[in-house]
Number of protein chains: 2
Amino acid sequence: MRSDPDRLSFEITARDGDARAGVIRTAHGEIKTPAFIPLATKGTVRGLESREVEELGYELVLGNTYHLFVSPGAERIAAAGGLHGFMGWGRSIITDSGGFQVFSLAHGGVADEVKGSNRPGGGRGAVLEIAEQGVRFRSYRDGAERFLSPEVSMQVQSALGSDIALAFDECTPFHASRDYTARSTARTHRWLERCLDWHEREGPAGQAVFGIVQGGVHEDLRRESAQAVSAAGVDGIAIGGTLGRDKEQMRGVLGLTAPLLPLDAPRHLLGIGEVDDMLAAIAIGIDVFDCAVPTRLARHGVALVPDPAARFRLDLRKAGFEGDRHAIAEGCPCPACRRHDRDYLSYLCRAEELTAVRLLALHNLTYMERLSAAARTAIAAGNLGAYAEAIAGGEPPWAAAT
Amino acid sequence: MRSDPDRLSFEITARDGDARAGVIRTAHGEIKTPAFIPLATKGTVRGLESREVEELGYELVLGNTYHLFVSPGAERIAAAGGLHGFMGWGRSIITDSGGFQVFSLAHGGVADEVKGSNRPGGGRGAVLEIAEQGVRFRSYRDGAERFLSPEVSMQVQSALGSDIALAFDECTPFHASRDYTARSTARTHRWLERCLDWHEREGPAGQAVFGIVQGGVHEDLRRESAQAVSAAGVDGIAIGGTLGRDKEQMRGVLGLTAPLLPLDAPRHLLGIGEVDDMLAAIAIGIDVFDCAVPTRLARHGVALVPDPAARFRLDLRKAGFEGDRHAIAEGCPCPACRRHDRDYLSYLCRAEELTAVRLLALHNLTYMERLSAAARTAIAAGNLGAYAEAIAGGEPPWAAAT
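Along each chain, residue indices are assigned from 1 in the same order as the chain's sequence is written. Lettering of chains starts at A and numbering of ligands starts at 1, both following the order in which they are written. A pLDDT threshold of at least 70 governs which residues receive local features in this predicted model, and a stricter bar of 80 or more applies before side-chain atom pairs are shown or counted, although totals over entire chains, interfaces and linings include all residues. The basis for the side-chain values is all heavy atoms of the structure; hydrogens and waters are excluded.

Novice: If you had to explain unusual backbone geometry to someone new, which residues and values would you point to?
Specialist: Cis geometry is adopted by the peptide bond preceding Pro34(A), which originates at Thr33(A) and carries an omega value of -5 degrees. You can see Pro34(A) is positioned in the loop between strand S3 (29-33) and strand S4 (35-37). Between Ser71(A) and the following residue, Pro72(A), the backbone shows a cis peptide bond with an omega angle of 10 degrees. Secondary structure follows DSSP: runs of H or I at least 4 residues long count as helices, runs of E at least 2 residues long count as strands, and numbering of each begins at the N terminus. For Pro72(A), the location among the structural elements is in the loop between helix H2 (65-70) and helix H3 (74-79). The residue Phe312(A) is not glycine, and still its phi comes out positive at about 65 degrees. Tracing the backbone shows Phe312(A) in the loop between strand S16 (302-304) and strand S17 (313-315). At Glu352(B), a residue that is not glycine, the phi angle is positive and equals roughly 55 degrees. Its place among the elements puts Glu352(B) in the loop between helix H14 (342-350) and helix H15 (354-381).

Pasting the structure below:
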């Protein structure tokens, strides 16, 4: 591990079994962990002002290197004072490497693919070449040929000025063979070295770099990858790639990966943010989570609720909410729940009013923030198990925390 | 005029030439005039929470009887405690009668048509019959046959529980012949009587009713209509229908109509809300304005700015804002201007991010609120003329007010 508090420090303040509560410190402040991270994919948490994301209590957002590289471009963002200045966000930012998006194009898949759906890949023509040097692809915006490599990704993330950069990796999908996954994972490790070499020479002094553990669902490959990434001299470790076909396999792969990681580094689980998955991952020692689900659900009229049998979801676009005077979730402190009932919110969702997207985004992000905050409290009190059981039993995070 | 302070009162607090500043009082509070009114067409100001519309300083919003009648229906809104309860808005509400929308279907036109574009009408098949009794039309949602009449409109507006209901009228378009306009205007007067009769018997005690002056661009018809509506016993008077083919004709028609109205009643100019039009209308004694333009512009990436040569518009979807570090409008107190520059906002608009719609809606509504507030200040100080000149000279409302 690198260890330079000018870039990043991580202090574990409490433990409960394998779970940890702590504080990550970056050049832009503190992030209390475990923490959920909202996506600011294209330089905004969709539909919300940066000011509001702060008011929700978030201390870290995730910007997307691939999208921002394609538009508006790294130079324009650098000229605005980096992504912080560009989007008017004064707290910490982590940027992904672009690898996930580029390889999603190549493998014909998106998030579902990585998470285990067994569709064959084969490319959509947008990726022209995957080679040791890097990846050539066509911009989805204008068809122009673009190139991403470990060095280019680091260069872009430097220009974005994020507090935490992620190394450029190949995110192997579930349908990849063991042999492909092994070769890809080894290349990801070589790419990590190139990222760190470039960053050592040219990266901004205040920017931390996280490596990404790959290896698919294969125990030996995950072990090799965890060792390689831990040994590489990174500031923190992210877990990427497919974690299996279902929640059971995902927890198995996570359960064998987490103990292989150094105890003193922050651990980021990429792309996972379902309520039950997050609590399970916190229990085995994951610190940080990013996921598109809460904001994507909001755009589709779905609110998070304390209902495990319904996968914690309430689909307000369905019929049947006429006259329902209940809040989305009783006791929720968000603006949607404080002022509006399901009758009105369901009407707005079905009428496809923008106001619905906004109110549900505020609700879902409040839910995830409260879920994380209550997990921190529970770990400090040594009763994470009871907290997780309360959530699994249908308690809302704000009630389960007390 | 009716005059029942339990329904509505109007107090004129200052005069400056023909212009007036005053206070309308309804069952839900005060509305300082001159006032711009945001549209909450379908039960929400698009993209904004009711709480935010309050915070912008607005005291009155306009709900749309036609849209709310078609969906979700008056019963559902009544069951939620009327439109106030349904949308969580504690201040005053005015509802239009549905006439404008129904006749837009019939005449093949929308707002542009009414405002003078000379396309022939002829119906889109959505209106089945216009008769003395009322209008039969097909719902745009499910094709079901629906019927609106003076009585039905009043009944729906009663169920919505608005503070101010508008009488059911035909909004005559510019392309209508003088003969058609004369017959239509006479029918509008008969419909007003039926509205008031129904409301007298069955309307809610606290609801005021405004009549609508029609008559197209014809001086004699406007005169007749102003007299008929004034004599009918209404709580306030709206000016509707086409005002001509251009701004000059509009101001001519308004200039001859306004002096025909009783001095002690509030005057609402329907559907007008361009910056220059609003100031011209305030000068001749109009008190209240509603208009879709500020929020519609926001959805299309256009911000209001103190630039008369550009019709007070800045199109942020255009190229050329890269690196532009200026706020949309320097000194503007809205969240978009306080925190973001044109570079970022233009990027968001071109990327079609929801956040752009929201930020521009907040900006444009802040602009209109400040324009109105400064007009009130200017009238009280007796210098409305200087204020209008400053705005016409490119001063922003917040600077011109001092």
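Novice: Could you give me a rundown of the relation of the copies chain B and chain A, with the residues and numbers involved?
Specialist: Between the two chain copies there is a screw-like relation: a rotation about an axis and a shift along it. We superpose the copies by least squares over the C-alpha atoms of residues that have a pLDDT of at least 70 in both of them. Laying chain B over chain A is done by rotating through 180 degrees and shifting 0.0 Å along the axis; what remains is an RMSD of 0.0 Å. The relationship between the two copies is best expressed as a two-fold rotation axis. Of every C-alpha in chain B, the one belonging to Leu354(B) sits nearest the axis of rotation, 4.0 Å from it. By definition, residues are in contact when any of their heavy atoms lie within 4.5 Å. The overlap is high: 100% of the interface residues of chain B also sit at the interface in chain A, so the same surface is used on both sides.

Novice: Outline the confidence of the model for chain A, listing residues and values.
Specialist: It should be kept in mind that the predicted coordinates are not to be read in detail where pLDDT is low. Residues and elements named next belong to chain A. The quantity called pLDDT is the predictor's confidence in a given residue, expressed from 0 to 100. Per-chain confidence: chain A averages 92 in pLDDT, with 94% of residues scoring 70 or above. Counted against residues more than four places away or in other chains, residues 110-125, with its pLDDT under 50, gives 41 contacts. What the predictor reports for the complex is a pTM of 0.93 with an ipTM of 0.93.

Novice: Got a sec to walk through the interface of chain B and chain A? Specific residues and values, please.
Specialist: At the junction of the two partners, chain B supplies 39 residues and chain A supplies 41 residues. Both faces combined, the contact of chain B with chain A buries some 3,400 Å², and carbon together with sulfur accounts for 47% of it. The quantity reported as buried area is the accessible area (1.4 Å probe) lost by two parts once they are put together, taken as the sum for both. It is Arg76(B), Arg339(B) and Tyr347(B) that lose the most area in chain B upon contact with chain A, and together they represent 21% of the buried surface on that side. Just to be clear on terms, a salt bridge is a Lys or Arg side-chain nitrogen sitting within 4 Å of an Asp or Glu carboxyl oxygen. Applying the counting rule to chain B against chain A returns 12 salt bridges. By the criterion applied in these results, polar contacts are pairs of N or O atoms within 3.5 Å in which, for protein atoms, one can donate a hydrogen and the other can accept it, and in which residues neighboring in sequence qualify only through two side-chain atoms. In this structure, the connection of chain B to chain A is made through 24 residue pairs in polar contact (both at pLDDT 80 or more). Those elements giving two or more residues to the side of chain B that touches chain A turn out to be helix H1 (50-55), helix H3 (74-79), helix H4 (82-87), helix H13 (335-339), H14 and H15 of chain B. Ranked by residue count, the leading element in the side of chain B that touches chain A is H15(B), at 6 residues. Under the scheme applied here, ten amino acids are nonpolar (Ala, Val, Leu, Ile, Met, Phe, Trp, Tyr, Cys and Pro), four are charged (Asp, Glu, Lys and Arg), and all others, including Gly, are polar. By residue class, the composition of the side of chain B that touches chain A is 16 nonpolar, 9 polar and 14 charged.

Novice: Help me get a handle on the environment of Leu279(B), residues and values and all.
Specialist: All names here are of chain B. Relative to the helices and strands, Leu279 is located in helix H11 (residues 275-283). On the basis of relative accessible area, Leu279 is assigned to the buried category, the value being 7%. In sequence terms Leu279 and Asp4 are 275 residues apart; their C-alpha atoms lie 30 Å from each other. For Leu279, the contacting residues outside a window of four places in its chain are Leu371, Tyr387, Ala388 and Ile391. Partly exposed describes any residue whose relative accessible area lies between the buried limit of under 20% and the exposed limit of over 50%, with all areas from a 1.4 Å probe on protein chains only and scaled to the type maximum.

Novice: Report on the pairing of strand S7 (residues 92-95) of chain B, specifying residues and quantitative values.
Specialist: Residues and elements named next belong to chain B. In S7, alternate side chains face the same way, and those of Ser92 and Ile94 on one face and Ile93 and Thr95 on the other are all buried. Strands are labelled as partners when DSSP assigns at least two bridges between them. By the bridge criterion, 4 bridges tie strand S6 (residues 60-63) to S7 in an arrangement that is parallel. Bridged to Leu62 within S7 is Ile94. Summarising the sheet, S7 and strand S11 (residues 164-166) pair through 2 bridges and their orientation is parallel. Bridging across to S11, Ile94 finds its partner in Ile164.

Novice: Break down the packing of H11(B) against H15(B) for me, with residues and values.
Specialist: Residue and element names in this part refer to chain B. An axis is simply a line fitted to the C-alpha atoms; with a helix, the fit covers only the stretch in contact. Between two such axes, the angle follows the N-to-C directions and lies from 0 to 180 degrees. The geometry of H11 relative to H15 is characterised by a closest axis approach of 11 Å and an angle of 25 degrees between their N-to-C directions. Classed by the angle they form, the pair H11 and H15 counts as roughly parallel. At the point where H11 passes H15, the crossing takes the right-handed sense. Taken together, the residues of H15 that come into contact with H11 (itself represented by Val275, Met278, Leu279 and Ile282) are Tyr367, Met368, Leu371, Ser372, Ala375 and Ile379. Residue composition of the contact of H11 with H15, grouped by class: 9 nonpolar, 1 polar and no charged. Here the angle decides the label: under 35 degrees means roughly parallel, over 145 means roughly antiparallel, 65 to 115 means roughly perpendicular, and every other value means oblique. Helix crossings get a hand from a simple test, with the near helix turned counterclockwise from the far one by less than a right angle marking a left-handed crossing and a clockwise turn marking a right-handed one.

Novice: How would you explain the sheet that holds strand S3 (residues 29-33) of chain B if you had to name every residue and give the values?
Specialist: Residue and element names in this part refer to chain B. Across the sheet, which stays open at both edges, the 3 strands sit in the order S1-S2-S3 with antiparallel pairing between neighbours. Two strands bound the open sheet, and with one partner strand each, they are strand S1 (8-16) and S3. With direction set aside, neighbouring strand axes in the sheet form an average angle of 15 degrees. Note: strand S2 (residues 19-26) against S3, 5 bridges, orientation antiparallel. Paired with Arg25 across the strands is Glu30, a residue of S3.

Novice: I'd love a proper account of the pattern of salt bridges, names of residues and values included.
Specialist: Residue and element names in this part refer to chain A. For the structure on display, the rule yields 67 salt bridges over all chains. Put simply, Arg223 and Glu219 hold a salt bridge, and the shortest N to O gap is 3.3 Å. Of the two residues, Arg223 and Glu219 are both situated in helix H9 (residues 219-231); the distance of 4 residues between them amounts to about one turn of the helix.

Novice: Break down the state of the cysteines for me, citing the residues and quoting the values.
Specialist: For the purposes of this analysis, a disulfide is any pair of cysteine sulfur atoms at a distance within 2.5 Å. For the structure shown, the criterion picks out 0 disulfides over all chains. Here Cys334(B) stays free of any disulfide, with the sulfur of Cys332(B) as its closest cysteine sulfur at 3.7 Å.

Novice: Summarise the nonpolar core; cite the residues concerned and give the values.
Specialist: Ranked by internal contacts, the top residues of the largest apolar core, which has 218 residues, are Ile328(A), Tyr387(A), Ile328(B) and Tyr387(B). Contacts of Ile328(A), omitting those with residues within four sequence positions, involve Ala303(A), Leu304(A), Val305(A), Leu314(A), Leu316(A), Ala336(A), Cys337(A), Arg342(A), Leu345(A), Leu360(A) and His363(A). Residue types Ala, Val, Leu, Ile, Met, Phe, Trp, Tyr and Cys, when buried and joined through side-chain atoms within 4.5 Å, form a set referred to as a nonpolar core.

Novice: Explain the side chain of Thr181(A) to me, and be specific about the residues and the numbers.
Specialist: All names here are of chain A. Along the chain, the position of Thr181 falls in helix H8 (residues 178-202). Of the residues examined, Thr181 reaches a relative accessible area of 2% and is grouped as buried. Not counting the four nearest positions on each side in its chain, Thr181 is found in contact with Thr172, Ala176, Gly215, Gly216, His218 and Leu221.

Novice: Tell me what's going on with the sheet that holds strand S10 (residues 145-148) of chain B, and back it up with residues and numbers.
Specialist: Residue and element names in this part refer to chain B. Strand order in the open sheet made by the 3 strands is S8-S9-S10, with antiparallel pairing throughout. The outermost strands of the open sheet, each flanked by one partner alone, are strand S8 (127-130) and S10. Strand-to-strand twist of the sheet, defined as the mean angle between neighbouring strand axes without regard to direction, takes the value 15 degrees. As judged from the 4 bridges shared by strand S9 (residues 135-138) and S10, these two strands associate in the antiparallel manner.

Novice: Any chance you could break down the pairing of strand S6 (residues 60-63) of chain A for me, citing the residues and the numbers?
Specialist: Residue and element names in this part refer to chain A. The alternating pattern of S6 places Leu60 and Leu62 on one face and Val61 and Gly63 on the opposite face, and all of these are buried. In this sheet, S6 lies alongside strand S5 (residues 39-40) in parallel orientation, the contact comprising 2 bridges. Bridge assignment links Ala40 to a residue of S6, and that residue is Gly63. The path from the first strand over the helix to the second decides the hand: if it runs clockwise while the strands point away from the viewer, the crossover is right-handed. For the handedness criterion, the β-α-β arrangement of S5, helix H1 (residues 50-55) and S6 is classed as right-handed.

Novice: Please set out the packing of aromatic side chains residue by residue, giving values where relevant.
Specialist: Residues and elements named next belong to chain A. In this analysis, rings of Phe, Tyr and Trp, with Trp reduced to its six-membered ring, are considered paired at centre separations within 6.5 Å, and the interplanar angle assigns stacked below 30 degrees, edge-to-face beyond 60, and tilted for intermediate values. In this structure the tally under the stated criterion is 14 aromatic pairs over all chains. Ring centres of Phe36 and Tyr58 lie 6.4 Å apart, and the angle between their planes is 65 degrees; on these two criteria the pair is classed as edge-to-face. Taken together, the residues span a long stretch of sequence, with Phe36 in strand S4 and Tyr58 in the loop between H1 and S6 at a distance of 22 residues. With respect to burial, Phe36 and Tyr58 carry one shared label: buried.

Novice: Describe the environment of Thr355(B), with residues and values.
Specialist: Along the polypeptide, Thr355(B) turns up in helix H15. For the pair Thr355(B) and Leu345(B), spaced 10 residues apart in sequence, the C-alpha to C-alpha distance is 9.0 Å. In this structure, Thr355(B) is in contact with Thr44(A), Val45(A), Arg46(A), Gly47(A), Leu48(A), Glu49(A) and Leu348(B), ignoring residues within four places of it in sequence. Here Gly47(A) takes part through its backbone nitrogen, which lies 2.8 Å from a polar atom of the side chain of Thr355(B).

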